[in-house]
Structures are given as structure tokens and as C-alpha cells.
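Listed below, chain by chain, are the residues.
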Amino acid sequence: MTTESAGRVSWPGRYFEDFPVGGMYRHPLGRTVTATDNVWQALLTQNTMPAPDDKIRARAAVAEALGELKDR
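Residues numbered from 1 in each chain as written. Predicted model: local features only at pLDDT ≥ 70, side-chain atom pairs only at ≥ 80, totals over all residues. Heavy atoms only, no water.

Counting its regular elements, the protein contains 2 helices and 2 strands. Expressed as a percentage of its 72 residues, the buried residues of the protein come to 3%. For the protein, the computed accessible surface area is about 7200 Å², with 59% contributed by carbon and sulfur atoms. (Helix = DSSP H or I, 4+ residues; strand = E, 2+ residues; numbered from the N terminus. Buried < 20%, exposed > 50% of the residue type's maximum accessible area, 1.4 Å probe, protein only. Areas by Shrake-Rupley, 256 points an atom, 1.4 Å probe, with all protein chains shown as cover.)

Printed below as a string of C-alpha cells:
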């Protein structure tokens, strides 16, 4: 991580694995992603899969996937 003269922080070449769990990053245009944002994203990409927005179905899908992995 490098710090520029204006107090900005830049991370050239960061990958997903470089971000800590629960890390918070301040941004002048920051906002919280809401359920409405998820619906808009699904509509824009024509994603018809219910798992990302439905907590019950998502938990069931994960439990099913883990069960299948344990059987192998």
C-alpha cells in the first residue's frame, strides 16, 4: 500500500485475496448496497437465479452443495 501526497491511498495490482474480511474503505462517493440495488442488478443482467437475493434459498443451496461435497 502506498500513500500519495494528497493523503490518498492507492493499491496498484490488488487482488481479491488482498482484501481483509470486514475491511472498510472510505470513498467520496461511497454508499451502502441495498436489496433494491440487488434487484436492479438482476434486472439489468437478466439474472433469473433467486439464490443471491433469497436468504432461505441461498442457505439451502449452500447446505446442499456442502452435503454433495461431503459425499465425495
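With 72% of its residues at a pLDDT of 70 or more, the protein shows a mean pLDDT of 75. At the level of individual helices and strands, the protein shows its lowest average pLDDT in strand 1 (residues 2-3), which scores 47, and its highest in helix 1 (residues 35-45), which scores 86. (pLDDT = per-residue confidence, 0-100.)

What follows concerns the side chain of Asp37. Mapped onto the fold, Asp37 is located in helix 1. Owing to a relative accessible area of 15%, Asp37 belongs among the buried residues under this scheme. At a separation of 2.9 Å, a polar atom in the side chain of Asp37 contacts the main-chain amide nitrogen of Thr34. Setting aside residues up to four positions removed in sequence, Asp37 forms contacts with Arg31 and Thr32. (Polar contact = N/O pair within 3.5 Å; in protein donor to acceptor, adjacent residues only side chain to side chain. Contact = heavy atoms within 4.5 Å.)

In this structure, Gln46 is a non-glycine residue whose phi angle is positive, near 55°. For Gln46, the location among the structural elements is in the loop between helix 1 and helix 2 (55-71). Classification of Gln46 by relative accessible area gives exposed; the value is 67%.

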